[in-house]
Amino acid sequence: MRRSTNRIKLYLYRVALVFAVMIFAWDTYDIFIRQNQTQKLSTLKYSGEHITWTPCGDLKGSQVECSNITVPMDQFDPQNSGDKTFTIPLVRLRSEKATQNLVMNPGGPGASGFEFLYRRGEQIRTIVGNKFHLLSFDPRGVNSSTPVATCYPDAKAAATLSGVRASNPTIDSPEVYAWAQNFVKACADTMGEHAKYTNTPQTAADINNILEATYASLYPERAKRVIIDGIVNQWQRYEELYEKESMIDTDTVLDGFFDECIKAVLFFMAKLREQPISVYINNTNYGLLTYDMLWYNGVFPTLYKPPTWYTLANNFFKLIQGNATPAFEAYQAGGLEAMPDQSFAFIYLNDGLSGPKNWPTGRASLLDKITPWLNESLFSEASFKIYYMKQQWTVPKTHTYVPQKGVKTAHPLLILSTSYDPVCPLVSARSANEAFVGSQIVEVKGYGHCSVAAASVCLAKRVRAFLEEGTMPKGYTQCEVDAPYFVRPDGSGLVSVQRQFDNAEDEKIHLAQVELARDWDFSLPFLY
């Protein structure tokens, strides 16, 4: 990779060293689903609603109920759909005092609203208050929606056919270039006609209450209270070849963690690149700790989530002391070695400018085009594979969505962001602020992906005021972070108050935010 010498020197003097803990969440969610599949449950209907709900569990004393809707395959031309449809599952956490639904878009793209609500619905309700039922969904093509977006007929085919080296754009691009040609054919063949209609504009049309900027653009007259958090630049997503602005703050987030220990860490990393470390635990668990494993499976995900900074720092400390086992056990899976997220691929490739008419042909010409962007961040090269996929994508675009400025919504949007988000920078939030008339930004003055990455009662109070009364901040607002970044994890797994509060309700909100930040889920789509 052709990175400038001055940039490397500057980085060497600045850098010293963000979403895990998913196994428990997925296990409890799986048990929850399997238990309720065996129960014979009655159905529920509510005044003013046109769908029927079925009780599907209990979350800390509050009823969880499930339903689904069937939508045309092509929302923008139902006749074109014929009898082809998508089934969109819905899930709702009820509150006793609630009279309205707060619809939560799981994001991603490719994230599951079911998993999100069951795992962290209680904390979300504590933060926003109990005046809302929390309603979420699995978007078309995702998780339990049908048909699900997949490029392989079964798990065995996915495990066998999805692997490709993609950590070094210069060395690995020939293999990725050839692999992408087969990948896009497999996606189209496996999904059939539904492949063309698995995209974000279609998702916005599926549930017109979705709290998402794209939704507000398509249905501004029906958006009552909309909050958007973790913003991408929609003009770059839909109208340009790649999101050149998405990682402009990534290295600043990295600096926030690395500033005080860079020299020792980079010296160690340089040695690791030259010589991987052999790790032997027992005769069934051993292998090599490599540079790519530590950098892309360990460091980059940690930028999303400041509460995990301590753990990464601790693993680095043990590495430098000669104990590579904790890092090997923590980072040997995931990141670059994970199975590709096919839901993300379908939605991302169908949303923006993909296919031969938008991209140069040939391996080398594409590499030349994207190299300037790949040099923007120390982590950009991990995502170069997606652009070979965009180059080779042959599924035709079926939506006509074009981002606009001056969009008037029924109520102005509240836009949330951290100061330094590794993949959804503050500058992108400002682009949304320009797009929606009367919208306001609340900036959490800290690091991490989305405002939930940091605890801030200041932010929570503004979110509550907006949701309950429609109260907008008076101009651009900044909120301080209420918790330190480096906190040693409690061995009991419980969170504790990170600062003192005079108000008991503020302390309750703070605890919910600390717990949510520690266990907030995310995906690494750019690695696939």
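A quick note: this is a predicted structure, and the numbers were derived from the prediction, not measured.

Chemist: Is there a simple way to explain the sheet that holds strand β4 (residues 100-103) in this structure?
Modeler: Backbone hydrogen bonds are what pair the strands of a sheet, in a parallel or an antiparallel way. Across the sheet, five strands lie side by side as β1-β2-β3-β5-β4; this open sheet has mixed pairing. Pairing within the sheet leaves two strands with one partner each, and these edge strands are β1 (54-59) and β4. For this sheet the average axis-to-axis angle between neighbouring strands, irrespective of direction, equals 35 degrees. In this sheet, strand β3 (residues 85-93) lies alongside strand β2 (residues 62-72) in antiparallel orientation, the contact comprising nine bridges.

Chemist: Before we go on, may I ask you to explain the state of the cysteines in this structure?
Modeler: By definition, a disulfide links two cysteine residues through a covalent bond between their sulfur atoms. Here the structure, examined in full by the defined rule, presents three disulfides. Covalently, Cys-458 is tied to Cys-479 through a disulfide, its sulfur atoms 2.0 Å apart. The S-S bond linking Cys-458 to Cys-479 shows a torsion near -60 degrees; that makes this disulfide left-handed. Of the two residues, Cys-458 sits in helix α19 (residues 457-469) while Cys-479 sits in strand β11 (residues 477-479), which places them 21 residues apart along the sequence. Owing to a relative accessible area of 24%, Cys-458 belongs among the partly exposed residues under this scheme.

Chemist: Hey, could you run me through the side chain of Ser-167 in this one?
Modeler: Checked against the element boundaries, Ser-167 lands in the loop between α5 (155-161) and α6 (169-191). Polar contacts involving the side chain of Ser-167 include one to the side chain of Asp-292, which spans 2.9 Å.

Chemist: So what exactly am I meant to see when it comes to the pairing of strand β7 (residues 277-282) here?
Modeler: The two faces of a sheet get side chains in turn, since along a regular strand they alternate between them. Bridge count between β7 and strand β8 (residues 285-289): five bridges; the pairing is antiparallel. Considered in β8, the bridge of Ser-278 is made with Leu-288. Count of turn residues in the β7/β8 antiparallel hairpin: two residues.

Chemist: Can you help me understand the packing of aromatic side chains in this one?
Modeler: When we look at a pair of aromatic rings, we describe it by the centre distance and by the angle of the planes. Throughout the structure, instances matching the rule amount to 18 aromatic pairs. Note on Trp-179 and Phe-183: the rings are 4.9 Å apart at their centroids and 20 degrees apart in plane angle, and the pair reads as stacked. Of the two residues, Trp-179 and Phe-183 are both situated in helix α6; the distance of four residues between them amounts to about one turn of the helix. Overall, Trp-179 belongs to the buried group, its relative accessible area being 10%. With relative accessibility at 3%, the residue Phe-183 sits in the buried group. An aromatic cluster is present here, built from Tyr-291, Trp-295, Phe-300, Tyr-304 and Phe-379 joined pairwise through their rings. For the cation-ring pair, Arg-499 lies above Phe-501, with the distance from its terminal atom to the ring centre recorded as 4.2 Å.

Chemist: Is there a simple way to think about α19 in this case?
Modeler: Residues spaced three or four apart along an α-helix point in a common direction, a consequence of the helix completing one turn every 3.6 residues. The first and last C-alpha atoms of α19 sit 18 Å apart over 13 residues, in line with the 18 Å expected at 1.5 Å per residue. Buried residues of α19: Val-457, Leu-459, Ala-460, Val-463, Arg-464, Phe-466 and Leu-467, and no others. Remark: Gly-470 follows α19 within two positions and exhibits a positive phi of approximately 75 degrees.

Chemist: Please explain unusual backbone geometry as it appears in this structure.
Modeler: Excluding glycine, residues mostly have negative phi values, and the peptide bonds linking residues are mostly trans. A cis amide bond links Gly-108 with the next residue in sequence, Pro-109, at an omega value of 0 degrees. In this model, Thr-146 is joined to Pro-147 through a cis peptide bond whose omega is -10 degrees. As for its placement among the helices and strands, Pro-147 is situated in the loop between β5 (132-137) and α5. The phi dihedral of Asn-143 is positive, around 55 degrees, even though this residue is not glycine. Here Asn-143 shows up in the loop between β5 and α5. The residue Cys-450 is not glycine, and still its phi comes out positive at about 75 degrees.

Definitions and cut-offs
Residues numbered from 1 in each chain as written. Predicted model: local features only at pLDDT ≥ 70, side-chain atom pairs only at ≥ 80, totals over all residues. Heavy atoms only, no water. Pairing = 2+ DSSP bridges. Helix = DSSP H or I, 4+ residues; strand = E, 2+ residues; numbered from the N terminus. Axes fitted to C-alpha atoms, helices over the stretch in contact; angles between N-to-C directions. Disulfide = S-S within 2.5 Å. Buried < 20%, exposed > 50% of the residue type's maximum accessible area, 1.4 Å probe, protein only. Polar contact = N/O pair within 3.5 Å; in protein donor to acceptor, adjacent residues only side chain to side chain. Phe/Tyr/Trp six-rings, centres within 6.5 Å; stacked < 30°, edge-to-face > 60°. Lys NZ or Arg CZ within 6 Å of the ring centre and 35° of its normal. Expected span 1.5 Å × (residues − 1).

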